[in-house]
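# Coordinate analysis (summary)
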Amino acid sequence: MFKPVMDISIFNPQSESGWRLYHLDIYFIIASSFILLLVIGLLIYIALKFRAKPNDAEPKQIKNNKLIEALMIGIPFIMVSFFFYLTIKTMKETEPITHNETPTVEINGRQWWWQVSYPGTSVVTANEIHLPANKKVLLKLTASDVIHDWWVPSFGPKMDMIPGLVNYLWLKIDKPGIYEGACSEFCGKQHSKMRIRVIAQTQENYQKWLTENAKTANIAIDSSLIKGAAIFQKASCAGCHQIRGTMANGNVGPDLTHLASRQTILSGTVKNTTENLYRFIDNPNKIKPGVNMPRFFLQQDSLKALVTYLHSLK
Ligand code: CUA
């Protein structure tokens, strides 16, 4: 299994919105802890101080007290109103109102992977989302099949991805690094393995990555790859997957144009090694139960050639 690079926690904010939500969480935790301690403290105090002793007469009965009643209603009302205000304020600051800007990235939730494309470019990738750090970017979030939910805890807000609906989120990542999250809406068998990996880069490296990935597949004229490329076409991989610059232009599964340049496969759950790719293609349903990819029952040498070809797609 792949080790997370960073703590996945709301207490480890790494973006502008992440910090806003972190502060809101801290206010809530302090306020509720204070109330909890006050109530429990008073309970203990009263239970000890006013304990009934043998032969005690019935204590003095008080019917009503306007001041205490006003305080009992007034104080919680003011507190709840204040936190309601803080919540609305944070929501306004983290969710875009106007959608006139071109989104930096469009993320489409699928069972069970993320299709990632960059409007205005020909870049299409899957699962690993490259973004510039230190720059405000707009995420466009959609879904194709069922409801998924975007959540990278260090970045703050969650956002539902609903078929037929478009949602947006602002994101300004503090510094370059790898950030992890996961789908947060139950979406089927592999929901728990629908991980999100955001690779935040410096503006310069991000542009470099974008330029590299806008290119069509870098297919070397190498005899060792011809067999694998032929199997890719023949075994109907090409019907579901796209490799830009070749005949493969499917849109059912992840784009594989630069597959070898990704660090992970299977929605960020395993390292992108030849062994893992081999094991997955050999029997997809065994590695990822419920997956839409069928088993092709390829001979060992064909499978090896196919994996060699796929891993040449840098
Ligand atoms: Cu996608 Cu849960």
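What counts and how
Residues numbered from 1 in each chain as written. Predicted model: local features only at pLDDT ≥ 70, side-chain atom pairs only at ≥ 80, totals over all residues. Heavy atoms only, no water. UniProt positions renumbered as here; feature names shortened; annotations may be inferred. Pairing = 2+ DSSP bridges. Helix = DSSP H or I, 4+ residues; strand = E, 2+ residues; numbered from the N terminus. Axes fitted to C-alpha atoms, helices over the stretch in contact; angles between N-to-C directions. Buried < 20%, exposed > 50% of the residue type's maximum accessible area, 1.4 Å probe, protein only. Domains from an automatic or database assignment. Contact = heavy atoms within 4.5 Å. Buried area = accessible area lost by both parts, 1.4 Å probe. Polar contact = N/O pair within 3.5 Å; in protein donor to acceptor, adjacent residues only side chain to side chain. Parallel < 35°, antiparallel > 145°, perpendicular 65-115°, else oblique. Nonpolar A, V, L, I, M, F, W, Y, C, P; charged D, E, K, R; others polar. Expected span 1.5 Å × (residues − 1). Phe/Tyr/Trp six-rings, centres within 6.5 Å; stacked < 30°, edge-to-face > 60°.

The protein has the name cytochrome-c oxidase in an unreviewed UniProt entry, where Pedobacter segetis is given as its organism. Of the protein, the UniProt comment under Function (unreviewed entry) reads exactly: "Subunits I and II form the functional core of the enzyme complex. Electrons originating in cytochrome c are transferred via heme a and Cu(A) to the binuclear center formed by heme a3 and Cu(B)."

What follows covers the sheet that holds strand β3 (residues 124–126). Here 5 strands make up an open sheet; going across it, the order is β3-β2-β1-β5-β8 and the pairing mixed. What marks the edges here is a single partner per strand, and that holds for β3 and β8 (167–172). Neighbour-to-neighbour, the strand axes of this sheet turn through a mean angle of 25 degrees, independent of strand direction. Pairing of strand β5 (residues 136–143) with β8 involves 6 bridges; the strand directions are antiparallel. Residue pairing for β8: Leu 138 is matched across the bridge by Trp 170.

Turning next to the pairing of strand β10 (residues 195–201). Most of β10 is tucked away: 6 of the 7 residues are buried. In this sheet, β10 lies alongside strand β4 (residues 128–132) in parallel orientation, the contact comprising 5 bridges. Following the sheet pairing, Leu 131 is matched in β10 by Ala 200. Here strand β9 (residues 177–182) pairs with β10 via 6 bridges, running antiparallel. Opposite Ala 182, over in β10, you have Arg 195 as the bridge partner.

One widely used convention gives an interface's size as the accessible area the parts lose upon coming together. The domain architecture assigned to the protein consists of domain 1 (1–51 + 61–214) and domain 2 (223–310). Relative to domain 2, the C-alpha centre of domain 1 lies at a distance of 33 Å. Across the boundary between the two partners, domain 1 contributes 25 residues, which contact 23 residues of domain 2. Here domain 1 packs against domain 2, burying approximately 2,000 Å² in sum over the two surfaces, 48% of which is carbon and sulfur. The tally of links between domain 1 and domain 2 comes to 14 residue pairs in polar contact (both at pLDDT 80 or more). Counting only elements with at least two residues in the side of domain 1 that touches domain 2, the list comes to β2 (113–117), β3, β10 and α3 (203–214).

What follows concerns the packing of helix α1 (residues 16–49) against helix α2 (residues 66–94). Two numbers describe how α1 lies on α2: the axes approach to 10 Å, and their chain directions differ by 170 degrees. Accordingly, the angle class assigned to the pair α1 and α2 is roughly antiparallel. Residue-level contacts link Ser 17, Arg 20, Leu 21, Leu 24, Tyr 27, Phe 28, Ala 31 and Ile 35 of α1 to Met 79, Phe 83, Leu 86, Thr 87, Thr 90, Glu 93 and Thr 94 of α2. Tallied by class, the residues present in the contact of α1 with α2 amount to 9 nonpolar, 4 polar and 2 charged.

This part covers the UniProt feature "domain: Cytochrome c" (unreviewed entry) in the protein. Mapped onto the present numbering, the UniProt feature "domain: Cytochrome c" (unreviewed entry) falls at residues 223–314. Structurally, residues 223–314 is divided into 39% helix and 4% strand, and its ends, taken at the C-alpha atoms, are 17 Å apart.

When the terminal C-alpha atoms of α1 are compared, their 49 Å separation across 34 residues agrees well with the 50 Å that a helix rising 1.5 Å per residue should span. Among all positions of α1, only Ser 17, Gly 18, Leu 24 and Ala 31 are buried. Its buried side turned inward, α1 meets α2 and β8.

With that out of the way, let us pick up the packing of aromatic side chains. Following the criterion strictly, the structure yields 8 aromatic pairs and no others. For the ring pair Trp 19 and Tyr 22, a centre distance of 5.5 Å and an interplane angle of 85 degrees mean the geometry is edge-to-face. Residue Trp 19 and its partner Tyr 22 are both found in helix α1; the two are separated by 3 residues, about one turn of the helix. Trp 19 sits in the partly exposed class, given a relative accessible area of 36%. Where Phe 82 meets Phe 83, the ring centres are 5.5 Å apart and the plane angle is 70 degrees; that geometry is what we call edge-to-face. Among the aromatic residues, those joined into a cluster by ring pairs are Phe 11, Trp 19 and Tyr 22.

Next up on the list: the UniProt feature "domain: Cytochrome oxidase subunit II copper A binding" (unreviewed entry) in the protein. Mapped onto the present numbering, the UniProt feature "domain: Cytochrome oxidase subunit II copper A binding" (unreviewed entry) falls at residues 100–212. In this annotation, residues 100–212 is assigned 9% helix and 46% strand; the end-to-end C-alpha distance for the span is 28 Å.

Mapped onto the fold, His 191 is located in the loop between β9 and β10. For His 191, a relative accessible area of 17% corresponds to the buried category. Within the structure, the side chain of His 191 is placed 3.0 Å from the backbone oxygen of Glu 185, a separation counted as a polar contact.

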